[in-house]
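# Tertiary structure, described
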Amino acid sequence: TVAPTTVPPTTAPPTTVPPTTAPPPEPEVGPRSRGVVADLTDVRPLGIDPVPTEQALPVLALGDSVMRGAAEELTERGVVVDAVVSRQFSSYLPEVQAIRDAGLIGSVVIVHLGTNGPFPQSSADAMMEILADVPVVVFITGKADRGWINGNNAIIRALPERYANVTVLDWEVLSAPCGDCFYGDRIHLDPSGQRFYTDLVGQLIGF
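Definitions and cut-offs
- Every chain's residues receive numbers from 1 upward, in the order its sequence appears when written.
- In view of the model being predicted, local features appear only for residues whose pLDDT reaches at least 70, and side-chain atom pairs are presented and counted only at 80 or more, with totals across whole chains, interfaces and linings using the full set of residues.
- Water and hydrogen atoms play no part in the side-chain values, which are based on all heavy atoms of the structure.
- Numbering goes from the N terminus for both helices and strands, where a helix is a DSSP run of H or I of at least four residues and a strand is a run of E of at least two.
- Three labels apply to residues, based on accessible area from a 1.4 Å probe with only protein chains included: buried if under 20% of the type maximum, exposed if over 50%, partly exposed otherwise in between.
- In this description, accessible areas are obtained by the Shrake-Rupley approach with a 1.4 Å probe, and a residue is regarded as covered only by the protein chains that are shown.
- What we call a nonpolar core is a set of buried Ala, Val, Leu, Ile, Met, Phe, Trp, Tyr and Cys residues that are connected through their side-chain atoms within 4.5 Å.
- Contacts were defined at the residue level, with two residues in contact if any of their heavy atoms lie within 4.5 Å.
- Our arc is simply the arc of the directions from the helix axis toward the C-beta atoms.
- Paired strands are those between which DSSP finds at least two bridges.

### Points about the overall build of the protein
- Counting its secondary structure elements, the protein contains 8 helices and 6 strands.
- Starting at the N terminus and ending at the C terminus, the protein contains elements arranged as β-β-α-α-β-α-β-α-β-α-α-β-α-α.
- Across the 207 residues that make up the protein, the buried fraction comes to 42%.
- For the protein, the accessible area works out to roughly 11,300 Å², and carbon and sulfur atoms hold 57% of it.

So, in structure tokens, the structure goes:
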């Protein structure tokens, strides 16, 4: 009798492949949140949902001669511009109140004031009391070689911390890449500066 032969079991090498870790998905770039916009890469739409009314102006821009220089370009984008040479922030408040009382203020108000003189925190707060029900208020910082600009801009940059509907477009910082797009006073915009300014506002508002 031949003894059966026993073949020793073979041990197969493991076939388990170490798990691979997939890279995290790219974050979606959606509407930006409120705050101070001081980087060109962060100038993206605020995701405004306009509130339709029969009388209100969807996008209203209030400013001085700097904004006035870009009025034609802004108007072509659908913005209603009220900008006057030498306008002062504080003395303009009654007119803003009248505009609101007339029912003309809609979903977006853009404010570029402070080039021509200083204004106190109380004036900024009074402006925001008038604009309290506006979904989006965009303040634009000043750019000028004037002693009051730093103080005005400090007040403006702090507004998003005080008011949830405020976004600041930091023109003093964002205008640097524009280069030689100002007239001789380095304050008012030449045609290329007017287009650059309007494009920044347009990218933020989404028009």
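### What about the nonpolar core?
- Ile-110, Val-138, Ile-140, Leu-169, Tyr-197 and Val-201 are the most contacted members of the largest nonpolar core, which has 31 residues in total.
- When residues of this core are traced back to their parent elements, those giving at least two are strand 2 (57-63), helix 1 (65-69), strand 4 (105-112), strand 5 (136-140), helix 7 (171-174) and helix 8 (191-205).
- No other element matches helix 8, which puts 5 residues into this core.
- Those residues in contact with Ile-110 that lie beyond four places of it in its chain are Val-59, Leu-60, Ala-61, Leu-62, Met-67, Val-138, Ile-140, Val-201 and Ile-205.

### Things to note about the side chain of Asp-64
- Along the polypeptide, Asp-64 turns up in the loop between strand 2 and helix 1.
- Contacts of Asp-64, omitting those with residues within four sequence positions, involve Ala-83, Val-84, Arg-87, His-112, Leu-113, Gly-114, Thr-115 and Asn-116.

### Side note on helix 5 (residues 149-157)
- Within the span of helix 5, buried status applies to Ile-149, Asn-152, Asn-153, Ile-155 and Ile-156. Mapping the buried residues of helix 5 onto a view down its axis gives an arc of 155°, with all of them on the same face.
- Contact partners of the buried residues in helix 5: helix 4 (121-130), strand 5, helix 6 (159-162), strand 6 (166-169) and helix 7.

### Here we look at the sheet that holds strand 3 (residues 80-83)
- The sheet built from 6 strands is open, its strands ordered 1-6-5-4-2-3 with parallel pairing. Looking at strand neighbours, the two that pair on one side only are strand 1 (36-37) and strand 3, the edges of this open sheet.
- Summarising the sheet, strand 2 and strand 3 pair through 4 bridges and their orientation is parallel. Within strand 3, the residue paired with Ala-61 across the bridge is Val-81.

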